[in-house]
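Working through the structure, step by step
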Amino acid sequence: MLAESIPGRLRPLTILQLGWRNLRRNRRRTWITATTVALAVLLVQVAVSLLIGIEQQSFDNLINYQTAHAKLYAEGYFANRDELPLDYTLTGLDELQATIRGVRGVAATTPRLSFSAQVSNGVDLYACIGVGIQVTGSDHDVFRIPQAVVDGEYLKSGEDGLLMGTGLAELFGVDTGDWVTVLTKTQAGAYEALDLPIVGLVGTGNPLIDRNSFLVPLEIAQYMLGLEGAATELAIRFSPTARDDETIAEITRAVQDLRQLDVKGWREMEEDFMALVRVKRTGQGVFLLIFIVLAVVGITNTILMASFERTREIGMMMAMGLRGSGIRELFLTEGALTGLLGGALGSLVAVAITAYFATVGLDLTAMYGDMDIGYPVKDTIYPAVNIAVLVASWLLTGVLAALASFYPAARASRHIPVEALRHV
Amino acid sequence: MTVARLIDVHKTYMVGRVRVPAVRGVTLDIEHGAFMSIAGPSGSGKTTILNLLGALDTPTSGTVQIGDGTTDGLSLKTLADFRNTHLGFVFQTFNLIPVLTVRENVDFPLQLQGIGNKRERNERVMKILQEVGLGDLVDRRPTELSGGQQQRVAVARALVKGPRLVLADEPTANLDSETAGEIMALMQMMNEKHGTTFIFSTHDPLVMERASRLVRLHDGRVASDEGGNGGRHAS
């Protein structure tokens, strides 16, 4: 066999150099193709940044207004939590809180008492969720309700009053200063009614709070339900540096000898929402991938044209001994470089746009009005730049562009040298 | 010593449904160091003979032997390796890579030979470029050179890897007579200095005069095969 030891290939650096210079042969065509890719990448990057921002804000919203980082329940409560039962309550709250606060990674704790209630404005009667919160001392250390008061003022300890979700108030046609009647059933089954003034309205962006809930001081809730000194849950906020899983495990260890208690992290509490997020991520990922694929298909045409124009050159290279695989590598490289060029351009503009909106925010009401977009977020969202996603999608564009170049590259590599050299 | 041999070679092309015989039973022995011209009118089979000797094409029948090997039954990949090892080409239209500099164009076949040492490659490239008189133009692109200079680069590119055989298909056809004379003188000088075997096709009598051997073709057959005054004496 002849010439077995001769590689017949170019060095990778030479292929890169040659590929890059070949892109500059027909600059206008290269720029048009790269710009198409850049636009697709720009759109995808901005969309991804928005989705990451919305997701992050959703998680923050859940933690700040609904779930905290974790909650401690009496055994049996969590499985029946949708019914807001009063049969599984926590007592000895001070001792329990002292224990939990001693756990590394825990920043604050607060008891809450959730219950089902009916609220009447004198004309209509609606079923909704009442939440007793510890006004003095701890609730605002765990939750961010005071920042969500959009009208009136926050609750005051020892004073009668309730905070109502903005959506619920709109449904009732009531406002700050109006009185409503709260009707509940005690644990023993007796009805209890109390007239309370609306001291303020809360708008959190979380439909569960805004459209279905009202908040009252813990002692009023305990009084109405006949559960003095009790709570249905102990909400826990972690310190910023704490790792969720480790801290939950620590808390579980700390309370296991005290009594039968369940510790639940916020992701576990919002299992359905997290599953929905995963499904949305997959769907959006597929959609965005298809978008990039459509954009890089233009590269197929560009490389096809380039290989056609350079048929004689291909013949000459093959005559000198470059194997078909070398020709294929060269055109794949040109395709990938076009994709990477477009991807880099698109990414740079996307970062600039995202950085701008990450500062000033994007007003969702201007885009969607009051429509529920499926995420618990407030009116203004802030896109987030994720460098790992940015780099990954840029590289993905390069890979897809190389794949899009495969057909013309393979076609060029199959030339018969003598025929290619005759090409006019 | 024979460097290449054609033994009763036939080559027939199909043009649509018509069989067109381009070479009809050519037998040639090419001695080492020859400076051989293949002449003949258009359609006489000059380019086909060069393509067969250059392993760019395979015969319909007969044998093409280069050195110790033949091109019979070799795959495209093996033929590529064969050309890479044994052959250098000079084309009528120069066929330089326009995006590479003179230095890089001449370096190209050395990379294909797998010579990884850049310093070694650079020394060989500079030496051959000095020999062809382009030592001062190494960083220019082909478009910045005259036709004669481009063909000098092509000659340097063909010779830099020290091939057994350099095949030149009408190397002076795109040049004026003065430049054509310069290119022929250059190839003749390289033939005499390095002993490299040159085979070139032409229909220019001034070029034929420089050959050490002149083979005339007519209708795909050897019409005459005679010695010439130019070039190095074959061994």
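Computed from a predicted structure; not experimentally measured.

Notes on helix α1 (residues 46–53) of chain B
Counting buried positions along α1 of chain B gives seven out of eight residues, so the element sits mostly inside the fold. For α1 of chain B, the full list of buried residues reads Lys-46, Thr-48, Ile-49, Leu-50, Asn-51, Leu-52 and Leu-53 of chain B.

Here we look at the packing of aromatic side chains
In this description, a pair of aromatic rings is defined by centroid distance and the angle of the planes. Tallied over the full model, the rule gives 11 aromatic pairs over all chains. Where Phe-89 of chain B meets Phe-91 of chain B, the ring centres are 5.9 Å apart and the plane angle is 5 degrees; that geometry is what we call stacked. Grouping residues by exposure puts Phe-89 of chain B and Phe-91 of chain B together as buried. A cation over a ring is seen here: Arg-81 of chain A above Phe-78 of chain A, with NZ or CZ 3.9 Å from the ring centre.

Some thoughts on the domain arrangement of chain A
Residues and elements named next belong to chain A. Splitting chain A by domain gives domain 1 (12–62 + 273–421) and domain 2 (76–259). Summing both partners gives a buried area of about 470 Å² for domain 1 against domain 2, and 38% of it is carried by carbon and sulfur. Scanning the region where domain 1 abuts domain 2 turns up zero salt bridges. Here the side of domain 1 that touches domain 2 is composed, by residue class, of four nonpolar, one polar and three charged.

Considering empty space enclosed by the protein
One pass over the structure, following the stated rule, counts three cavities of 30 Å³ or more. Each pocket or cavity is described by its volume, and for the largest cavity that value is around 50 Å³. If you trace the largest cavity, you find it lined by Met-320 of chain A together with Leu-87, Gly-88, Phe-89, Pro-109, Arg-157, Ala-158 and Lys-161 of chain B. Breaking the lining of the largest cavity down by element, the ones donating at least two residues are β6 (87–90) and α5 (147–159) of chain B. Element by element, the count of residues in the lining of the largest cavity is highest for β6 of chain B, at three residues. Across the lining of the largest cavity, the residue classes break down as five nonpolar, one polar and two charged.

Topic: the pattern of salt bridges
Residue and element names in this part refer to chain A. Summed over all chains, the structure comprises 26 salt bridges over all chains. With a shortest N-O distance of 3.4 Å, Glu-250 and Arg-253 are connected by a salt bridge. Here Glu-250 pairs with Arg-253, and both are found in helix α8 (residues 244–255), just three residues apart, close to one helical turn. With relative accessibility at 26%, the residue Glu-250 sits in the partly exposed group. Look at Arg-253 and you get partly exposed, because its relative accessible area is 49%.

Regarding a nonpolar patch on the surface
Residues and elements named next belong to chain A. The grouping of Val-351, Val-385, Ile-387, Val-391 and Leu-395 at the surface amounts to a nonpolar patch, some 390 Å² of accessible area in total. By residue number, the principal contributor to the nonpolar patch is helix α14 (residues 387–404), which donates three residues. Tracing the sequence through the fold places Val-391 in helix α14.

Comments concerning the environment of Glu-313 of chain A
In this structure, Glu-313 of chain A sits in helix α11 (residues 311–319). Residue class for Glu-313 of chain A comes out buried when judged on its relative accessible area of 12%. Each C-alpha atom of the pair Glu-313 of chain A and Gly-130 of chain A lies 79 Å from the other, and the pair is 183 residues apart in sequence. Ignoring sequence-local partners within four residues, the contact set of Glu-313 of chain A consists of Arg-25 of chain A together with Ile-97 and Pro-98 of chain B.

Looking at the layout of surface pockets
Residue and element names in this part refer to chain A. Put simply, the largest pocket is a space of about 780 Å³. Forming the walls of the largest pocket are 32 residues, and the residues nearest its centre are Gln-66, Thr-67, Leu-208, Met-269 and Glu-270. At the level of secondary structure, the elements contributing two or more residues to the lining of the largest pocket comprise α2 (27–67), β1 (70–74), β2 (106–120), β3 (125–133), α6 (207–212), β8 (213–217) and α10 (271–309). Tallied by class, residues from the lining of the largest pocket come to 16 nonpolar, seven polar and nine charged. Three or more residues apiece are contributed to the lining of the largest pocket by two domains, here domain 1 (12–62 + 273–421) and domain 2 (76–259).

Considerations on the interface of chain A and chain B
Taken together, the contact pairs 30 residues of chain A with 38 residues of chain B. Between chain A and chain B lies a buried interface of about 2900 Å² when both sides are counted; carbon and sulfur atoms form 64% of it. Here chain A is connected to chain B by two salt bridges. For Arg-21 of chain A, the salt bridge identified is with Glu-104 of chain B, shortest N-O distance 2.5 Å. For the pair chain A and chain B, the number of links is 10 residue pairs in polar contact (both at pLDDT 80 or more). Looking at the side of chain A that touches chain B, the elements that each hand over two or more residues are α1 (12–23), α11 and α16 (417–422) of chain A. The dominant element in the side of chain A that touches chain B, judged by the number of residues it contributes, is α11 of chain A, at six residues.

Rules of the game
Residues numbered from 1 in each chain as written. Chains lettered and ligands numbered in written order. Predicted model: local features only at pLDDT ≥ 70, side-chain atom pairs only at ≥ 80, totals over all residues. Heavy atoms only, no water. Buried < 20%, exposed > 50% of the residue type's maximum accessible area, 1.4 Å probe, protein only. Helix = DSSP H or I, 4+ residues; strand = E, 2+ residues; numbered from the N terminus. Phe/Tyr/Trp six-rings, centres within 6.5 Å; stacked < 30°, edge-to-face > 60°. Lys NZ or Arg CZ within 6 Å of the ring centre and 35° of its normal. Domains from an automatic or database assignment. Buried area = accessible area lost by both parts, 1.4 Å probe. Salt bridge = Lys/Arg side-chain N within 4 Å of Asp/Glu carboxyl O. Nonpolar A, V, L, I, M, F, W, Y, C, P; charged D, E, K, R; others polar. 1 Å grid on protein atoms, 1.4 Å probe; cavity = no way out; pocket = protein on both sides within 12 Å on 5 of 7 lines; lining within 4 Å. Points joined across faces, edges and corners; volume = space filled by probe spheres on them. Patch = residues over 30% accessible without salt bridge, like charges linked within 9 Å, V, L, I, M, F, W, Y side chains within 5 Å. Areas by Shrake-Rupley, 256 points an atom, 1.4 Å probe, with all protein chains shown as cover. Contact = heavy atoms within 4.5 Å. Polar contact = N/O pair within 3.5 Å; in protein donor to acceptor, adjacent residues only side chain to side chain.

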